[in-house]
Amino acid sequence: MRAFWLLLPMGVIALLFVAVPLIYVIALSFLHRGEMMGVTGPATIENYLRMFDARYARVMLDSISMAAYTTVLSLLIGYPFAYYMARATPRWRNLLMLLVIVPFWTNALVRVYGWRILLLANGPINTFLLRIGLIDRPLKLLFTYGAMLLGMVYSLLPFMILPVYSSVEKMDWQCEAAARDLGAGPWRAFWTVTLPLTLPGVLAGCLLVFVPSIGLFFIADLLGGSQVIVIGNLIRDQLLKARDWPFGAALSVALLVVTCLVLVGYRRAGGKDLEVF
């Protein structure tokens, strides 16, 4: 009985702030857009059928591909950083950990806007390249696919580094030493021993990067402009500009389904409960 009362506040919070809004969004996705604004009946699956239109399907595929590229780049950058951070001396380890955590002290929107300033045609990067003579006219760095990808990797890289670091730090280094003693070279020892032992952290990092990168629409707005549209931008536009709440709700449900599929894939791949530290 005591356990019931202890869990009751958590259950009430989950019901009010998770279950009820989710049920509301799902119910909204089966309604029609009103004449002026709002929604009206009867129930329909038209909103879900609209998502198979070539325009909207392309946006979803672009969002998934952007998330995949972001995850791969974050892994290629984050794994070596986390590996050497775990192997560093305590002094350097604390300093590197501070460098990873410090960006969280500043609002993400402000940090991404800083990249916008750097990538402007008359920004510091183009100005520096012009002054040293590497280019004769400003490069188009802002409002490109590459700029958006840069912003995504920059914003989500810590979420890759921390889980990988946790797995590397907890690894039994005697296993790697045994492989080296048995004749395995550095790369073979890494691929056959180190990487499999740190795979839970890699999977957790990939999950923490892939899922949010599908819907970070403010990065697309600031760095991608109209050149790149992701599912988050489309949902925002349907809800706030087109005022087509049912279709925006249907897109949100589709995004939720994609997230659930990623979580299922994560669990089947051997992922465990997410642990950063």
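To be clear, the structure that these remarks concern was listed above.
Quick look at the structure, then. Quick caveat: nothing in here was measured; it's all calculated off a predicted structure.

### Focus: the layout of surface pockets
Now for step 1: What the largest pocket holds in volume is close to 430 Å³.
Now for step 2: Along its surface, the largest pocket is lined by 15 residues, and Tyr79, Pro80, Trp187, Phe190 and Trp191 are the ones closest to its centre.
Now for step 3: Those elements that place two or more of their residues in the lining of the largest pocket are helix H3 (54-87), helix H8 (173-181) and helix H9 (186-197).
Now for step 4: Residue composition of the lining of the largest pocket, by class: twelve nonpolar, one polar and two charged.

### Structural notes on a nonpolar patch on the surface
Now for step 1: Where nonpolar side chains cluster on the molecular surface, the patch consists of Phe4, Trp5, Leu8, Val12, Ile13, Leu15, Leu16, Phe17, Val18 and Val20 and spans about 990 Å² of accessible area.
Now for step 2: Take Val12: it is sitting in helix H1 (residues 2-28).
Now for step 3: Residue Val12 is classed as partly exposed on the basis of its relative accessible area, which comes to 37%.

### Focus: the environment of Pro80
Now for step 1: With respect to the element layout, Pro80 can be found in helix H3.
Now for step 2: Classification of Pro80 by relative accessible area gives partly exposed; the value is 36%.

### Description of the pattern of salt bridges
Now for step 1: Counted according to the given criterion, the structure contains seven salt bridges.
Now for step 2: Of the charged contacts, one joins Arg50 and Asp244 as a salt bridge, the two residues approaching to 2.9 Å between their closest N and O atoms. Of this pair, Arg50 sits in helix H2 (residues 46-50) while Asp244 sits in the loop between helix H12 (231-240) and helix H13 (245-268), placing them 194 residues apart in sequence.
Now for step 3: With a relative accessible area of 26%, Arg50 lands in the partly exposed category.
Now for step 4: Three or more residues are tied together by salt bridges with common partners; here these are Asp221, Arg236, Asp237 and Lys241.

### Comments concerning the nonpolar core
Now for step 1: If you look at the biggest cluster of nonpolar residues, it comprises 36 residues, and the most contacted ones within it are Met148, Val164, Ile219 and Leu223.
Now for step 2: Every element with two or more residues in this core is listed here: H3, helix H4 (90-101), helix H5 (108-119), helix H7 (145-170), helix H10 (199-213) and helix H11 (217-224).
Now for step 3: Tallying contributions element by element places H7 first for this core, with 13 residues.
Now for step 4: Excluding residues that lie within four positions of it along the chain, Ile219 makes contacts with Val112, Met148, Gly151, Met152, Ser155 and Gly224.

### Considerations on the packing of aromatic side chains
Now for step 1: Within this structure, the stated rule accounts for ten aromatic pairs.
Now for step 2: When the centroid spacing of 5.6 Å and the interplanar angle of 85° are considered together, the rings of Tyr79 and Phe190 count as edge-to-face. Separated by 111 residues along the polypeptide, Tyr79 in helix H3 and Phe190 in helix H9 bring together distant segments of the chain. An identical accessibility class is assigned to Tyr79 and Phe190; each is buried.
Now for step 3: With a centroid separation of 5.4 Å and an interplanar angle of 80°, the aromatic rings of Phe104 and Phe159 are classed as edge-to-face.

### Some points on the side chain of Asn233
Now for step 1: For Asn233, the location among the structural elements is in helix H12.
Now for step 2: Classification of Asn233 as buried rests on a relative accessible area of 3%.
Now for step 3: Only 3.4 Å separates the side chain of Asn233 from the backbone oxygen of Phe217, close enough to count as a polar contact.
Now for step 4: Side chain to side chain, Asn233 and Asp221 meet in a polar contact 2.7 Å long.

### Some details on H13
Now for step 1: With 24 residues, H13 extends 35 Å between its outermost C-alpha atoms, agreeing within 8% with the 34 Å of an ideal straight helix rising 1.5 Å per residue.
Now for step 2: Considered for burial, the residues of H13 that qualify are Pro246, Phe247, Gly248, Ala249, Ala250, Leu251, Val253, Ala254, Leu255, Val258, Thr259 and Tyr266.
Now for step 3: Just downstream of H13, Gly270 is the residue with a positive phi angle, here 105°.

### Side note on H3
Now for step 1: Between its first and last C-alpha atoms H3 spans 49 Å; for 34 residues at 1.5 Å apiece the expected length is 50 Å, and the two agree.
Now for step 2: Taking the largest bend as the criterion, H3 deviates by roughly 30°, centred on Gly78, and proline Pro80 comes between one and four positions later.
Now for step 3: Put simply, Asp53 is the residue that caps the front of H3, since its side-chain oxygen is 2.9 Å from the backbone nitrogen of Arg55.

### Here we look at the environment of Arg188
Now for step 1: Along the chain, the position of Arg188 falls in helix H9.
Now for step 2: Overall, Arg188 belongs to the exposed group, its relative accessible area being 61%.
Now for step 3: C-alpha of Arg188 to C-alpha of Glu176: the two residues are twelve residues apart in sequence and 10.0 Å apart in space.

The rules we used
Residues numbered from 1 in each chain as written. Predicted model: local features only at pLDDT ≥ 70, side-chain atom pairs only at ≥ 80, totals over all residues. Heavy atoms only, no water. 1 Å grid on protein atoms, 1.4 Å probe; cavity = no way out; pocket = protein on both sides within 12 Å on 5 of 7 lines; lining within 4 Å. Points joined across faces, edges and corners; volume = space filled by probe spheres on them. Helix = DSSP H or I, 4+ residues; strand = E, 2+ residues; numbered from the N terminus. Nonpolar A, V, L, I, M, F, W, Y, C, P; charged D, E, K, R; others polar. Patch = residues over 30% accessible without salt bridge, like charges linked within 9 Å, V, L, I, M, F, W, Y side chains within 5 Å. Areas by Shrake-Rupley, 256 points an atom, 1.4 Å probe, with all protein chains shown as cover. Salt bridge = Lys/Arg side-chain N within 4 Å of Asp/Glu carboxyl O. Buried < 20%, exposed > 50% of the residue type's maximum accessible area, 1.4 Å probe, protein only. Core = buried A, V, L, I, M, F, W, Y, C linked by side-chain atoms within 4.5 Å. Contact = heavy atoms within 4.5 Å. Phe/Tyr/Trp six-rings, centres within 6.5 Å; stacked < 30°, edge-to-face > 60°. Polar contact = N/O pair within 3.5 Å; in protein donor to acceptor, adjacent residues only side chain to side chain. Expected span 1.5 Å × (residues − 1). Bend = angle between axes of the 7 residues up to and from the residue.

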